[in-house]
Amino acid sequence: MSYIKLDLEKSGLKKEEIMKYRDKVAEIHNELYEKSDDEKEFVGWLKLPTNYDKEEFERIKKCAERIKENSDIFLVIGIGGSYLGARAVIEALTNTFYNMLPNRKTPQILFVGNNMSPNYLNDLIELIGNKDLSINVISKSGTTTEPAMAFRIFREFMENKYGIDEARKRIYVTTDKEKGALKKLATEEEYETFVIPDNVGGRYSVLTAVGLLPIAVSGVSIDELMKGARKAQNKYCESDLKYNECYQYAVARNILYKNKKMIELLVSYEPKMQFVSEWWKQLYGESEGKEGKGIFPASVMFTTDLHSLGQYIQEGERDLFETVVNIENTATDITIKKDADNVDGLNFLADKTMSYVCKKAMEGTIEAHVSGNVPNILINMNKLDEENLGELIYFFELACAMSGRILGVNPFNQPGVEAYKHNMFKLLGKFDN
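Fair warning: this is a prediction, and the values are worked out from it, not measured in the lab.

## Looking at the overall build of the protein
1) Next: Scanning the protein from N- to C-terminus turns up 17 helices and 10 strands.
2) Next: Taking 22 Å as the expected radius of gyration for a compact globule of 433 residues, we find that the protein reaches 23 Å, a close match to that expectation.
3) Next: Reported as C-alpha extents along the three principal axes, the dimensions of the protein are approximately 65 × 65 × 45 Å.
4) Next: Across the 433 residues that make up the protein, the buried fraction comes to 51%.
5) Next: Counting only contacts in the protein whose residues sit at least 6 apart along the sequence, the fraction spanning at least 24 positions is 78%.
6) Next: For the protein, the centre of its 56 positive side-chain charges and the centre of its 66 negative side-chain charges are spaced 2 Å apart.

Given below as structure tokens:
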């Protein structure tokens, strides 16, 4: 069973305010769907849960089984949308200490190519040691600096370790279907290759081979993940704002932004959701932060951050609101027992479960923050599993597209990210030749 349920009761917004956007939302919805089959538009993710490449999907599962059989470590090389989605799903749906489990039945999954730290790279090489390894390099062009450097280093590492022929069998490439430096190399070396669709941008690509191969290697069911996304696609295809909670979330964000709530904190009370928050921040930050506009996306992990940022949220600048992802049912639980000495004074919690205590902490926090003029939006999620997370991913993607259009920006480009690259390349002498 899966469901995502929106609750705007604590947002401070009235239904009438939201419904003023009814016609605009319908117009944007129709525009998105009209372009959904156009290969030149970046809205291929809209129908992806039903229109995905079934043949490639099965090949992903077969390759994942091969990697599980012959590898102790699976190294994912990518940055931004090329790794955040996969890492979000893997960390949300596997054991919290997955990579440390001694009896793990699947490879350790490690990520590289998402920074320029030599310390990180050397520490990773030390960790790999003599263990068997496969790698998945993910890049549309193959020339993005961080993953390109990492792939250059690990390609040589693999060829030295296994020889050229065996290394070729352990290198998997996810890239453009026809062009680019990485596609050319993959063809020449005959690497197993998967496609980044032309009409799906990086931050919307978790349900393509970009995310699906690493997710499948972890043992997470990509069938169930896609099933949840399909449910969301069917659930949120309604153009009428009155019946579409995904669009209601998009509208609520924009109204709060107009009311000078400039920062959105994505809140979770489950540490497994940390990288879902990181994925969400890229999705919304890159999609909406342009033309001098946009809500700044940030995240907090409660109750941990209540002991570091709680004071600011309660009484600092009143320019923020919170979106709380509430996971209603935990996979496991612990009952607190009565202690004869009661030194810690916690006997009032005896016979209560930790999940119950956490829910009360959430309810108390929401009440405190709302009373402190921090509006709260709740997204209730039945439980943390593949189906529910697939639905949540699609919910956030569609809401992001709608929200960006309401804001008046193009949510599918990111022109601003080129500025630092140009300056960096100039300083490194790339343009001297």
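This is not the end of the story, as more comes after the structure.
## Thoughts on the state of the cysteines
1) Next: All chains considered together, the criterion is met by 0 disulfides.
2) Next: A disulfide-free cysteine, Cys-246 has its sulfur positioned 9.9 Å from the sulfur of Cys-400, the nearest such atom.

## Notes on the sheet that holds strand 3 (residues 108-112)
1) Next: If you trace the 5 strands from one edge of the open sheet to the other, you get 3-2-4-5-6, paired in parallel fashion. With one partner strand each, in any of the chains shown, strand 3 and strand 6 (192-195) form the two edges of the open sheet. Neighbour-to-neighbour, the strand axes of the sheet open up by a mean angle of 20°, direction not taken into account.
2) Next: Here 5 bridges tie strand 2 (residues 73-77) to strand 3, and the two strands are oriented parallel to one another. Bridged to Ile-77 within strand 3 is Val-112.
3) Next: Seen against the sheet, helix 4 (residues 54-70) touches strand 2, strand 4 (133-138), strand 5 (171-175) and strand 6 and runs at an angle of roughly 140° to strand 6.
4) Next: Sitting on the sheet, helix 9 (residues 181-189) is in contact with strand 4, strand 5 and strand 6, with an inclination near 145° to strand 5.

## Considerations on the nonpolar core
1) Next: Among the nonpolar cores identified, the biggest contains 96 residues, and Leu-213, Leu-389 and Phe-396 are the most heavily contacted of them.
2) Next: Residue contributions to this core peak at 13 residues, all from helix 16 (residues 386-407).
3) Next: Filtering out sequence-adjacent residues up to four positions away, Leu-389 remains in contact with Val-89, Ala-92, Leu-93, Leu-225, Val-276 and Met-381.
4) Next: One finds Ile-77, Ile-128, Phe-151 and Tyr-191 within the second-largest nonpolar core, a separate group that totals 24 residues.

## Some thoughts on the pattern of salt bridges
1) Next: For the coordinates displayed, the defined rule picks out 29 salt bridges.
2) Next: Among the salt bridges present, the one from Lys-61 reaches Asp-223, with a minimum N-O distance of 3.1 Å. Of this pair, Lys-61 sits in helix 4 while Asp-223 is found in helix 11 (residues 222-235), placing the two residues 162 residues apart along the sequence.
3) Next: Exposure remark for Lys-61: the relative accessible area of 24% places this residue in the partly exposed category.

## With respect to the sheet that holds strand 1 (residues 4-7)
1) Next: With mixed pairing, the 5 strands of this open sheet are ordered in space as 1-10-9-7-8. The strands lining the two open edges of the sheet, one partner per strand, are strand 1 and strand 8 (296-301). Put simply, the sheet's adjacent strands are angled 20° from each other on average, direction ignored.
2) Next: Alignment of strand 7 (residues 263-268) against strand 8, held across 6 bridges, turns out to be parallel. Among the inter-strand pairings, Leu-265 is bridged to a residue of strand 8, identified as Ala-298.
3) Next: Contacts between helix 15 (residues 354-371) and the sheet are confined to strand 9 (320-329) and strand 10 (376-383), with strand 9 contributing the most and set at about 160° to the helix.

## With respect to the side chain of Glu-245
1) Next: Turning to its location among the elements, Glu-245 is positioned in helix 12 (residues 245-258).
2) Next: Apart from residues no more than four positions distant in its own chain, Glu-245 is found in contact with Ile-4, Lys-5, Leu-6, Tyr-236 and Phe-395.

Calculation criteria
- Residues numbered from 1 in each chain as written.
- Predicted model: local features only at pLDDT ≥ 70, side-chain atom pairs only at ≥ 80, totals over all residues.
- Heavy atoms only, no water.
- Helix = DSSP H or I, 4+ residues; strand = E, 2+ residues; numbered from the N terminus.
- Rg over C-alpha atoms; globule rule 2.2 N^0.38 Å.
- Buried < 20%, exposed > 50% of the residue type's maximum accessible area, 1.4 Å probe, protein only.
- Contact = heavy atoms within 4.5 Å.
- Lys, Arg positive; Asp, Glu negative; His and termini not counted.
- Charge placed at Lys NZ, Arg CZ, Asp CG, Glu CD.
- Disulfide = S-S within 2.5 Å.
- Pairing = 2+ DSSP bridges.
- Axes fitted to C-alpha atoms, helices over the stretch in contact; angles between N-to-C directions.
- Core = buried A, V, L, I, M, F, W, Y, C linked by side-chain atoms within 4.5 Å.
- Salt bridge = Lys/Arg side-chain N within 4 Å of Asp/Glu carboxyl O.

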